[in-house]
Amino acid sequence: MTIRENVALGPLTTLGVGGPARYFAVAETEADVAEAVRWAEERGVSLFVLGGGSNLLVSDAGFAGLVLQIGIKGVRDRRDGLFQVGAGEVWDEFVDRMVKAGMQGVECLAGIPGSVGGTPVQNVGAYGQEVAETIVLVRAFDRKSCQFVQLDREACKFRYRKSLFNKDEPDRYIVTRVDFRLHPSGQPQVTYGDVKRYFAESSETIDLASVASAVRQIRRSKGMLLVENDPDCRSAGSFFKNPVVEAGRVAEIAAAGTCKEAMPHWPAGDGLVKLSAAWLIERAGFGKGFADGAAGISSRHTLALINRGGATAVDIERLQDRIRTGVRERFGVELEREPVKLG
Ligand SMILES: Cc1cc2nc3c(=O)[nH]c(=O)nc-3n(C[C@H](O)[C@H](O)[C@H](O)COP(=O)(O)OP(=O)(O)OC[C@H]3O[C@@H](n4cnc5c(N)ncnc54)[C@H](O)[C@@H]3O)c2cc1C
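One structure accompanies this document, and this report is about it.

1. Observations regarding the packing of aromatic side chains
By the definition in use, this model includes 12 aromatic pairs. When the centroid spacing of 5.5 Å and the interplanar angle of 70 degrees are considered together, the rings of Phe-239 and Phe-240 count as edge-to-face. The residues Phe-239 and Phe-240 share a single accessibility class, namely buried. Ring-pair connections join several aromatic residues into one group, and the members of that group are Trp-91, Phe-94 and Phe-180. One cation-aromatic arrangement involves Lys-274 over Tyr-160; the distance from NZ or CZ to the ring centre is 3.9 Å.

Structural data, given as structure tokens:
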């Protein structure tokens, strides 16, 4: 494994901002992962794990430690719908392969950028599916015990955009392999409003391929599919999570907004309610296409902050702070950032 120095990180992320990594390496095997951890520990430098850089905001100063990109490849078919997938595989290519193989369970997650190893981290989800439903095991290097461990679904503690890996024990595990249990010849999932509407308006037969294709088209219409030279794509996906509040606060928040239309909200269990971050942001005065210097909001998706060209991390964070302040002042709701900040 080669350790390079002063490697620009911006081009390795979908947002395309940020400074260099002092040290940079790609791990192609589990042995590389263990070696990189040892290398960093011996020199007393911190280590950051990089996948596809699609949920990342890198600071303009970059990162003073070692950035280890996980490039472990391989998809092993263990029969009966069980697939062992290297963390460095491209997620969307894996989805495509499963759809073509007639394996149900990830078709609604088509078009999401990033690596397979990145998906358990924030329990990636979209259009009515999340990876927690199909992941049966995550193999990872445990930086605390310095050994490889296998974590079953329960141990991963999946919930909405959260897991053991990003919430309970952040930075402890380096994911090297993810095992998925898919359903051979299963029926595609069409439960989400946008997908249902798509098929209500089309004469297409509903099968795995048409659902995955519909999801990609819906994503494209919202600037949520990476398309070359589309400025709306220079984002880190949704920049804010949908806020979850106590059900008793809904009336007060809606009243604070003094909006004519009803405020959208959904039950989130345990007396909690999920609000629409996009709705709140728009009512706070930040609509699609909003520009703030080189940073902006996608012209097709309120939740996607974009690099309009030559933006710095400071530009992106200034816009983030403006939006958060606007929503707090109008609705008294705190927005939480979804992408990870490095440096
Ligand atoms: C256009 C667009 C659309 C998107 N749509 C969605 C969506 O619909 N739903 C959704 O949930 N997300 C979405 N995202 C966010 C993003 O694609 C996912 O979170 C993705 O899983 C991140 O994976 P990554 O490999 O790019 O991770 P990175 O961005 O490289 O890293 C993100 C975090 O995961 C950690 N990490 C990555 N790989 C590993 C590993 N092997 N072991 C341990 N930690 C690791 C990193 O340290 C970091 O903390 C979207 C992003 C974009 C740009």
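2. Comments concerning the pattern of salt bridges
Inspection of every chain in the model, using the stated rule, returns 24 salt bridges. Notably, a salt bridge pairs Asp-194 with Lys-222, separated by 2.5 Å at the nearest N-O pair. One end of the pair, Asp-194, is in helix α5 (residues 193–200); the other, Lys-222, is in the loop between α6 (208–221) and β15 (244–246), with 28 residues separating them in the sequence. Its relative accessible area of 27% is what places Lys-222 among the partly exposed residues. Linking Asp-232 and Arg-300 is a salt bridge whose minimum nitrogen-to-oxygen distance equals 3.0 Å. Taken together, the residues span a long stretch of sequence, with Asp-232 in the loop between α6 and β15 and Arg-300 in the loop between β19 (295–297) and β20 (305–307) at a distance of 68 residues. Judged by relative accessible area, which is 26%, Arg-300 ranks as partly exposed. One connected set of salt bridges, linked through shared partners, spans Asp-292, Asp-315, Arg-318 and Arg-322.

3. Quick word on the environment of Arg-159
Residue position: Arg-159 is located in the loop between α3 (153–156) and α4 (164–168). Residue class for Arg-159 comes out partly exposed when judged on its relative accessible area of 34%. In this structure the C-alpha to C-alpha distance between Arg-159 and Ala-132, which are 27 residues apart in sequence, comes to 7.9 Å. In this view, Arg-159 contacts Asn-123, Leu-164, Lys-167 and Asp-168; residues no more than four positions away in its chain are not counted.

4. Observations regarding the nonpolar core
Counting 60 residues, the largest nonpolar core has Trp-91, Phe-94 and Phe-180 as its most contacted members. Excluding its chain neighbours within four sequence positions, the residues that come into contact with Phe-180 are Gly-81, Leu-82, Phe-83, Val-85, Trp-91, Phe-94, Val-116, Thr-119, Val-131, Thr-134, Ile-135 and Val-136. With 33 residues, the next largest nonpolar core counts Ala-294, Ile-316, Leu-319 and Val-333 among its residues.

5. Focus: the site of the ligand
Around the ligand sit 34 residues in total, of which Val-49, Ser-54, Ser-115, Gln-122 and Arg-219 are the nearest. Between the ligand and Gly-53, the relevant distance is 2.8 Å, taken from an oxygen atom to a main-chain nitrogen or oxygen of the residue. In this structure, an oxygen atom belonging to the ligand sits 3.0 Å away from a main-chain N or O atom of Pro-113. Bound to the protein, the ligand loses 94% of the 970 Å² it would expose on its own. Mapped onto the shell around the ligand, the elements with two or more residues apiece are β3 (47–50), β9 (125–126) and β13 (173–181). Taken together, the residues of the shell around the ligand sort by class into 17 nonpolar, 15 polar and two charged.

6. Examining unusual backbone geometry
You will see that Tyr-127, though not glycine, has its phi angle at about 50 degrees, which is positive. With respect to the secondary-structure elements, Tyr-127 resides in the loop between β9 and β10 (129–130). Tyr-127 gets classed as buried once you look at its relative accessible area, which sits at 10%. Even without a glycine there, the phi angle at Asn-229 is positive, about 65 degrees. When you line up the elements, Asn-229 lands in the loop between α6 and β15.

Parameters at a glance
- Residues numbered from 1 in each chain as written.
- Predicted model: local features only at pLDDT ≥ 70, side-chain atom pairs only at ≥ 80, totals over all residues.
- Heavy atoms only, no water.
- Phe/Tyr/Trp six-rings, centres within 6.5 Å; stacked < 30°, edge-to-face > 60°.
- Buried < 20%, exposed > 50% of the residue type's maximum accessible area, 1.4 Å probe, protein only.
- Lys NZ or Arg CZ within 6 Å of the ring centre and 35° of its normal.
- Salt bridge = Lys/Arg side-chain N within 4 Å of Asp/Glu carboxyl O.
- Helix = DSSP H or I, 4+ residues; strand = E, 2+ residues; numbered from the N terminus.
- Contact = heavy atoms within 4.5 Å.
- Core = buried A, V, L, I, M, F, W, Y, C linked by side-chain atoms within 4.5 Å.
- Near = heavy atom within 4 Å.
- Polar contact = N/O pair within 3.5 Å; in protein donor to acceptor, adjacent residues only side chain to side chain.
- Areas by Shrake-Rupley, 256 points an atom, 1.4 Å probe, with all protein chains shown as cover.
- Nonpolar A, V, L, I, M, F, W, Y, C, P; charged D, E, K, R; others polar.

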